[in-house]
Amino acid sequence: MDVQAATAVCRDAFAELASPACLHDPYPFMRWLREHDPVHRSAAGLFLLSRHADILWALTATGDAFRGPAPGELARYFPRAAASLSLNLLASTLAMKNPPAHTRLRRLISRDFTMRQIDDLRPTIARIVAARLDGMAPALERGEAVDLHREFALALPMLVFAELFGMPQDDMFGLAAGIGAILEGLSPHASDPQLAAADAASARVKAYFGGLIQRKRTNPRFDIVSMLVGAHDDDADTLSDAELISMLWGMLLGGFTTTAATIDHAVLAMLAHPQQRHWLQRDAAGVKAFVEEVLRCDAPAMFSSIPRIAQRDIELGGVVIPKNSDVRVLIASGNRDPDAFADPDRFDPARFYGTSPGMSIDGKIMLSFGHGIHFCLGAQLARVQLAESLPRILARFPTLALAGQPTREPSAFLRTFRALPVRLHAQGS
Amino acid sequence: MRVVVDQDLCGTSGQCVLTLPSTFRQRESDGVAEVCVATVPQALHAAVRLAASQCPVAAIRVIESDAGDDERGSAGPPPTTLEAERHAARDQRHPGGYDGTV
């Protein structure tokens, strides 16, 4: 791809990210952006930061130099906001809240996402992993191709969510079908039909959660929804049913498309770099290093979907970002910035061996879970799902191979898959 | 060395607990981080500085104590908030924070 010619003048990075060349491989363009237009202003006036240091600074400064849009302001940033259910739900999610409301709501949820709580889920996650691999084994052993994305990568986080939310598995599979459409509707480049499809799917999710909340209120169990219903009932002034629905909707959106994509990327890395498989065959630190490197190389959410509004004029790299501008961060680019990660396009788990999760041996932050007050609530849940999956996939199917080219979702925003066909190598071949 | 978590700032990410489970823990009620040692053993000084620099909301403050500080782990009483504030004001050096603003 001739990046220089294609983007000698980049009018709109968001449009460029939606181009066929970028859908195939967005990293050459991201490199061009970092080198030539690191504080990019899009045609619509949104700013996009692509250098690691700038991104980390902006994420850290959220709640200070940047804030989420106030509810009444949303129409200014999203002209279609007033009429769109998806954008209204987004406006009420945790990711759009400012302190102190954000702090309070986040702590209500955090009690179910402590490191200990997530660690307690390990046996459940391991059981689901084993069951999904068992389910795939007969077809694979008959020599057939299996879609690992649908049968494993997407199924695992969906089943984990069903467990967390106290929902029947079939209900979760039903809801999950609409999540991709909602995510696309929230992209800054979404068309009207995309937003309409997102709103239809959001309406189904909203109706389902409305019913689920009523059932958990009548018959509470040990799950997140029951816990949040309890918090709501004790404190009706500050956590409405609408906010509760937005929170659950936000967890679904943030939770499993991204986790599924990272499982897909991890399996692809395993197949593309057989010499790196040893990381998955030793101790937990080796598995962790592999997982972190997969997360670094392919951030599933390439840029931030939530607006960060500049509270004042901000000068960054010689560019003035005017007060009240909507600033987004291209975290997939920050993860490939050579100023943070040497030889950034090389897959090398050694960068993360023996370090604290999310930090390289050079002390650089891996950005895929964000940073600052909106740091991914489900980061550890995702890490545990990956750590419980990858060694088992490799041990169970050591001759796993691609059965065809993986198909990506045509998204400028999410680096996710539609299908990942795999098979086992024939014996002796 | 001592370490304190600003519990008003804490973003409940749990990163510090992942990094140093012997030094930090999360409150069951809301996920807010707490320090579970009075003083940080010498062997963990570098790791605690790293944990502080990695905290997504910069809620961890390392208080480098004067020479002669005891290294008896959790034997001593935890510092009070006020004492910690005084130490922080005197000793805290921001660990290489990036300042992109003007």
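Residues numbered from 1 in each chain as written. Chains lettered and ligands numbered in written order. Predicted model: local features only at pLDDT ≥ 70, side-chain atom pairs only at ≥ 80, totals over all residues. Heavy atoms only, no water.

- Taking an unreviewed UniProt entry as the reference, chain B is identified by name as Ferredoxin belonging to Bradyrhizobium pachyrhizi.
- On record in UniProt, under Function (unreviewed entry), the comment for chain B is "Ferredoxins are iron-sulfur proteins that transfer electrons in a wide variety of metabolic reactions." (UniProt positions renumbered as here; feature names shortened; annotations may be inferred.)

- With an unreviewed UniProt entry as reference, chain A is termed Cytochrome P450, source organism Bradyrhizobium pachyrhizi.
- Under the Cofactor (unreviewed entry) heading, UniProt states for chain A: "heme".

**Structural notes on the layout of surface pockets**
Residues and elements named next belong to chain A.
Item 1. Taken as a whole, the second largest pocket holds about 670 Å³ of empty space.
Item 2. Contributing to the lining of the second largest pocket are 26 residues, with Tyr27, Asp298, Arg336, Arg408 and Arg415 lying nearest its centre.
Item 3. Every element with two or more residues in the lining of the second largest pocket is listed here: helix H3 (20–24), helix H4 (27–36), helix H17 (241–272) and helix H18 (284–297).
Item 4. By residue number, the principal contributor to the lining of the second largest pocket is H4, which donates 5 residues.
Item 5. Of the residues that constitute the lining of the second largest pocket, the class distribution is 13 nonpolar, 4 polar and 9 charged. (1 Å grid on protein atoms, 1.4 Å probe; cavity = no way out; pocket = protein on both sides within 12 Å on 5 of 7 lines; lining within 4 Å. Points joined across faces, edges and corners; volume = space filled by probe spheres on them. Helix = DSSP H or I, 4+ residues; strand = E, 2+ residues; numbered from the N terminus. Nonpolar A, V, L, I, M, F, W, Y, C, P; charged D, E, K, R; others polar.)

**Here's the deal with unusual backbone geometry**
Item 1. Backbone torsion omega between Pro99 of chain A and Pro100 of chain A reads 5 degrees, so that peptide bond is classified as cis.
Item 2. Tracing the backbone shows Pro100 of chain A in the loop between helix H7 (85–91) and helix H8 (101–110).
Item 3. Even without glycine at this site, Asn324 of chain A takes up a positive phi of about 75 degrees.
Item 4. Inspection of the secondary structure assignment puts Asn324 of chain A in the loop between strand E7 (319–321) and strand E8 (326–329).
Item 5. Among the residues examined, Asn324 of chain A registers a relative accessible area of 29% and is labelled partly exposed.
Item 6. At Ala58 of chain B, a position not held by glycine, the phi torsion is positive, near 50 degrees.
Item 7. Mapped onto the fold, Ala58 of chain B is located in the loop between helix H2 (45–54) and strand E4 (60–63).
Item 8. For Ala58 of chain B, a relative accessible area of 47% puts it in the partly exposed group. (Buried < 20%, exposed > 50% of the residue type's maximum accessible area, 1.4 Å probe, protein only.)

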